[in-house]
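Below, each chain spelled out in residue letters.
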Amino acid sequence: MAQWLMKTEPEDYSWGRLVADGETEWTGVRNHQAAANMRAMKLGDPVFFYRSVVDPAIVGIMAVSAEWYPDPSDPTGKFVRVKVKPDRPLPSEVTLKAIKADARLADLALVRQSRLSVMPVGDAHWRILCGMANLKP
């Protein structure tokens, strides 16, 4: 099982809205690397919900509830969607500032490729981030 991180701007889609909705389609991804990452997602994979722009932080964990399918809003047919559902909020948010301050996370895609909206999170990084959030993986 792989782990992931997906970014959203809170004014576009918030953790609270995901919880209220119960499930959502992850849409609007127009980066080829992010789309390739979405194609690699499998049913049940855990995904960090990352709030970007305003107080950037990992705030919750989602699960992939439907694997990739073509994005009907993309006339080129190159981009995809997945469905995700909330799993649980984090006991403590993990801020971008804290992530950047931890040398063990220097090679995390969130730090290295800050513009990428959908990225893998390796096992070691997942454990570190869960520890920072006071959550056992």
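The structure under discussion appears in the preceding block.
The following paragraphs examine the structure supplied in this document. Keep in mind the model is a prediction, meaning the values are calculated, not measured. (Residues numbered from 1 in each chain as written. Predicted model: local features only at pLDDT ≥ 70, side-chain atom pairs only at ≥ 80, totals over all residues. Heavy atoms only, no water.)

Glancing now at the pattern of salt bridges. A complete count under the given rule lists seven salt bridges for this structure. Where Arg 17 meets Asp 21, a salt bridge forms, and the shortest distance between an N and an O atom there is 3.6 Å. Highlighted residues: Arg 17 and Asp 21, both in helix 1 (residues 15–21), separated by four residues, approximately one helical turn. Look at Arg 17 and you get partly exposed, because its relative accessible area is 44%. Here Asp 21 falls in the partly exposed class, since its relative accessible area comes to 42%. A salt bridge links Arg 88 to Asp 87, with the shortest nitrogen-to-oxygen separation between them at 3.6 Å. A single salt-bridge network, built from bridges that share partners, covers Glu 25, Arg 30, Asp 71 and Arg 81. (Salt bridge = Lys/Arg side-chain N within 4 Å of Asp/Glu carboxyl O. Helix = DSSP H or I, 4+ residues; strand = E, 2+ residues; numbered from the N terminus. Buried < 20%, exposed > 50% of the residue type's maximum accessible area, 1.4 Å probe, protein only.)

With that settled, the discussion passes to the pairing of strand 5 (residues 80–95). The sheet contact formed by strand 2 (residues 24–26) and strand 5 spans three bridges and is antiparallel. By the bridge assignment for strand 5, Thr 24 is matched with Val 84. For strand 4 (residues 57–70) and strand 5, the ladder comprises 10 bridges, and the chain directions are antiparallel. Of the residues in strand 5, the one forming a bridge with Val 64 is Val 84. (Pairing = 2+ DSSP bridges.)

Within the largest apolar cluster, 42 residues are counted, with the highest numbers of intra-cluster contacts made by Met 6, Trp 26, Met 41, Phe 48, Ile 58, Met 62 and Leu 129. Aside from chain neighbours lying at most four places away, what touches Met 41 is Trp 4, Met 6, Val 47, Val 64, Glu 67, Val 82 and Val 118. (Core = buried A, V, L, I, M, F, W, Y, C linked by side-chain atoms within 4.5 Å. Contact = heavy atoms within 4.5 Å.)

This part is about the packing of aromatic side chains. Throughout the structure, instances matching the rule amount to three aromatic pairs. Note on Trp 26 and Phe 49: the rings are 6.1 Å apart at their centroids and 85 degrees apart in plane angle, and the pair reads as edge-to-face. One end of the pair, Trp 26, is in strand 2; the other, Phe 49, is in strand 3 (residues 46–51), and 23 residues separate them in sequence. With relative accessibility at 1%, the residue Phe 49 sits in the buried group. Taken together, a centroid distance of 3.8 Å and an interplanar angle of 20 degrees make the contact between Phe 48 and Trp 126 stacked. Linking Phe 48 in strand 3 with Trp 126 in helix 5 (residues 123–132), this pair joins segments that are 78 residues apart in sequence. In textbook terms, an aromatic cluster arises when at least three aromatic residues are bridged by ring pairs, as seen for Trp 15, Trp 26 and Phe 49. Stacked on the ring of Trp 68, the Lys or Arg Arg 39 has its end atom at 5.6 Å from the ring centre. (Phe/Tyr/Trp six-rings, centres within 6.5 Å; stacked < 30°, edge-to-face > 60°. Lys NZ or Arg CZ within 6 Å of the ring centre and 35° of its normal.)

So yeah, pure geometry; function would need other evidence.
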